[in-house]
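Structural overview for review
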Amino acid sequence: MSGKIKLINENGLRVDGRRPNELRPIKMEVGILSNADGSAYIEQGKSKILAAVYGPREVHPRHLALPDRALLRCRYHMAPFSVEERKSPAPSRREIELSKVIREALEPAIFLEKFPRTSIDVFIEVLQADGGTRCAGVTVASLALADAGIPMRDMVVACAAGKVDGVIVLDLNDLEDKEGEADIPVAYMPNLGLISLLQMDGILTIEEFNQALNLAIEGCKQIYRLQKEALKAKYVAIKEEVEETCLQ
Ligand code: UDP
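I will try to describe carefully the structure that is included in this document. These figures come from a predicted structure and were not determined experimentally.

The next thing to look at is the overall build of the chain. Tallying secondary structure elements over the chain gives four helices and ten strands in all. When its C-alpha atoms are laid out on the principal axes, the chain stretches across 55 × 50 × 40 Å. Every one of the 248 residues in the chain was classed for burial, and the buried ones make up 47%. Within the chain, contacts between residues separated by at least 24 positions form 68% of all contacts whose residues are at least 6 apart in sequence. If the 32 positive side-chain charges of the chain are averaged to one point and the 37 negative ones to another, these points end up 4 Å apart.

Structure (structure tokens):
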């Protein structure tokens with residue numbers, strides 16, 4: 001976070017041409033892997049992430065099974081080719097941390113108590129990273145859980161806000177994340193109005209923090225609408241397929 005590169009131009013626009021409160025273009029698709037119980041894909045700017053969900057299913061190893069609820073396991077993994085400098089395929093400390101925070105962000109939304117002695121396994125594969133992958137990972141994992149038919153209190157959606165060149169901005173890309181002054185990733189359950197992930201990197205005043213938090217929540221609400229559209233699109237496609245088959 002050196003702050004040396006100019007991240008906001010004279011017109012108030014960011015390095016990728018966005019206004020401060022603008023999200024990157026987002027594309028989501030549900031149900032794309034036939035061998036997982038649920039799956040989803042997200043493109044958020046240049047970040048591309050796939051999520052697969054298995055379960056509820058028998059726990060292996062068995063001694064990890066919980067008597068009163070399902071065991072939620074999450075693995076966030078970056079493909080070696082996902083970043084400019086090849087990443088070792090071995091799990092890094094960062095990936096272990098992100099697996100944990102993503103699990104904790106998803107956990108409050110899932111009715112785990114409905115499936116005692118089982119496991120729900122979530123795999124998040126980052127195919128291309130350009131900042132904000134923990135947030136996009138939460139958003140896409142939540143879609144894959146819904147696709148697997150796992151009952152949830154709400155969808156979880158995540159988005160970061162931060163500060164670059166003294167301006168509070170939404171949904172930072174890699175350059176803004178590295179060269180900006182601060183970054184706060186937020187996971188939010190819009191119907192419940194609950195935050196399940198809040199981290200902060202860098203320095204903000206209390207006023208800036210509140211502004212960034214509100215902006216991140218606004219971003220989450222926008223992404224939530226896209227999430228719902230992506231889920232609906234899958235069922236519209238299935239309905240059309242069934243209708244076509246019936247007409248034949
Ligand atoms: N990154 C990288 N190499 C790595 C890990 C991360 O180039 O081994 C980049 C990647 O673009 C990632 C960004 O750094 O999205 C920001 O990483 P951070 O740890 O802040 O997590 P994120 O913002 O992706 O949730």
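We are not done yet, so read on.
Another aspect to go through is the sheet that holds strand β1 (residues 26-30). Reading across from one edge, β1-β2-β3-β5-β4 is the order of the five strands in this open sheet, with mixed pairing throughout. The sheet terminates laterally at β1 and β4 (71-78), the two strands that pair on one side only. Strand-to-strand twist of the sheet, defined as the mean angle between neighbouring strand axes without regard to direction, takes the value 15°. Note: β1 against strand β2 (residues 38-44), five bridges, orientation antiparallel. Bridging from a neighbouring strand, Glu 29 pairs with Tyr 41 of β2.

Moving on to the site of the ligand. Around the ligand sit Met 78, Val 83, Arg 94, Ala 129, Asp 130, Gly 131, Gly 132, Thr 133, Arg 134, Asp 174, Asp 177 and Lys 178, and that is every residue in its neighbourhood. Within the side chain of Arg 134, one N or O atom sits 2.8 Å away from an oxygen atom of the ligand. Residue Asp 177 places a side-chain N or O atom 2.9 Å away from an oxygen atom belonging to the ligand. Protein chains bury 77% of the 510 Å² of accessible surface belonging to the ligand in isolation. Taken together, the elements giving at least two residues each to the shell around the ligand come down to α2 (133-147) and α3 (174-179). Per-element accounting of the shell around the ligand gives the leading share, three residues, to α3. A breakdown of the residues in the shell around the ligand according to their chemical character gives three nonpolar, three polar and six charged.

This brings us to the nonpolar core. One broad trend across soluble globular proteins is that nonpolar side chains are buried collectively. By size, the foremost hydrophobic cluster in this structure holds 66 residues, and its most contacted members are Leu 106, Ile 110, Ile 120 and Leu 145. The element contributing the most residues to this core is helix α4 (residues 206-247), with ten residues. Excluding anything up to four places from it in sequence, Leu 145 contacts Val 53, Leu 106, Ile 110, Ile 120, Val 122, Ile 150 and Met 152. In this structure, Ile 8, Val 164, Val 169 and Leu 172 belong to the second largest nonpolar core, which totals five residues.

This part takes up the pattern of salt bridges. Summed over the entire model, instances satisfying the criterion amount to 21 salt bridges. A salt bridge links Arg 153 to Glu 113; the shortest N-O distance between them is 2.9 Å. Note that Arg 153 is positioned in the loop between α2 and β6 (157-164) and Glu 113 in the loop between α1 (93-106) and β5 (118-128), a separation of 40 residues in sequence. Here Glu 243 makes a salt bridge to Lys 239, at a shortest N to O gap of 3.4 Å. Of this pair, Glu 243 and Lys 239 are both found in helix α4, four residues apart, which corresponds to roughly one turn of the helix. By relative accessible area, which is 40% here, Glu 243 ends up partly exposed.

What follows concerns α2. Spacing of three or four residues puts side chains on the same side of an α-helix, whose turn is 3.6 residues. For α2, built from 15 residues, the straight-helix expectation of 21 Å at 1.5 Å per residue is met to within 8% by its first-to-last C-alpha distance of 20 Å. Counting buried residues in α2 gives 14 out of 15 residues, a clear majority hidden from the surface. Gly 149, located one to two residues past α2, shows a positive phi value of around 80°.

Turning next to the packing of aromatic side chains. In the structure shown here, the tally under the stated rule is one aromatic pair. Seen in terms of ring centroids, Tyr 54 and Phe 123 are 6.0 Å apart; in terms of plane orientation they differ by 85°. Their pairing is edge-to-face. Taken together, the residues span a long stretch of sequence, with Tyr 54 in strand β3 (residues 47-58) and Phe 123 in strand β5 at a distance of 69 residues. Judged by relative accessible area, Tyr 54 falls into the partly exposed class, the value being 26%.

This paragraph deals with a nonpolar patch on the surface. Taken together, the side chains of Ile 5, Val 15 and Leu 175 present a nonpolar region at the surface, about 210 Å² in accessible area. Inspection of the secondary structure puts Val 15 in the segment before β1. A relative accessible area of 40% means that Val 15 is categorised as partly exposed.

Conventions used here
Residues numbered from 1 in each chain as written. Predicted model: local features only at pLDDT ≥ 70, side-chain atom pairs only at ≥ 80, totals over all residues. Heavy atoms only, no water. Helix = DSSP H or I, 4+ residues; strand = E, 2+ residues; numbered from the N terminus. Buried < 20%, exposed > 50% of the residue type's maximum accessible area, 1.4 Å probe, protein only. Contact = heavy atoms within 4.5 Å. Lys, Arg positive; Asp, Glu negative; His and termini not counted. Charge placed at Lys NZ, Arg CZ, Asp CG, Glu CD. Pairing = 2+ DSSP bridges. Axes fitted to C-alpha atoms, helices over the stretch in contact; angles between N-to-C directions. Near = heavy atom within 4 Å. Polar contact = N/O pair within 3.5 Å; in protein donor to acceptor, adjacent residues only side chain to side chain. Areas by Shrake-Rupley, 256 points an atom, 1.4 Å probe, with all protein chains shown as cover. Nonpolar A, V, L, I, M, F, W, Y, C, P; charged D, E, K, R; others polar. Core = buried A, V, L, I, M, F, W, Y, C linked by side-chain atoms within 4.5 Å. Salt bridge = Lys/Arg side-chain N within 4 Å of Asp/Glu carboxyl O. Expected span 1.5 Å × (residues − 1). Phe/Tyr/Trp six-rings, centres within 6.5 Å; stacked < 30°, edge-to-face > 60°. Patch = residues over 30% accessible without salt bridge, like charges linked within 9 Å, V, L, I, M, F, W, Y side chains within 5 Å.

From the geometry alone we can't say anything about function, so treat these as descriptive.
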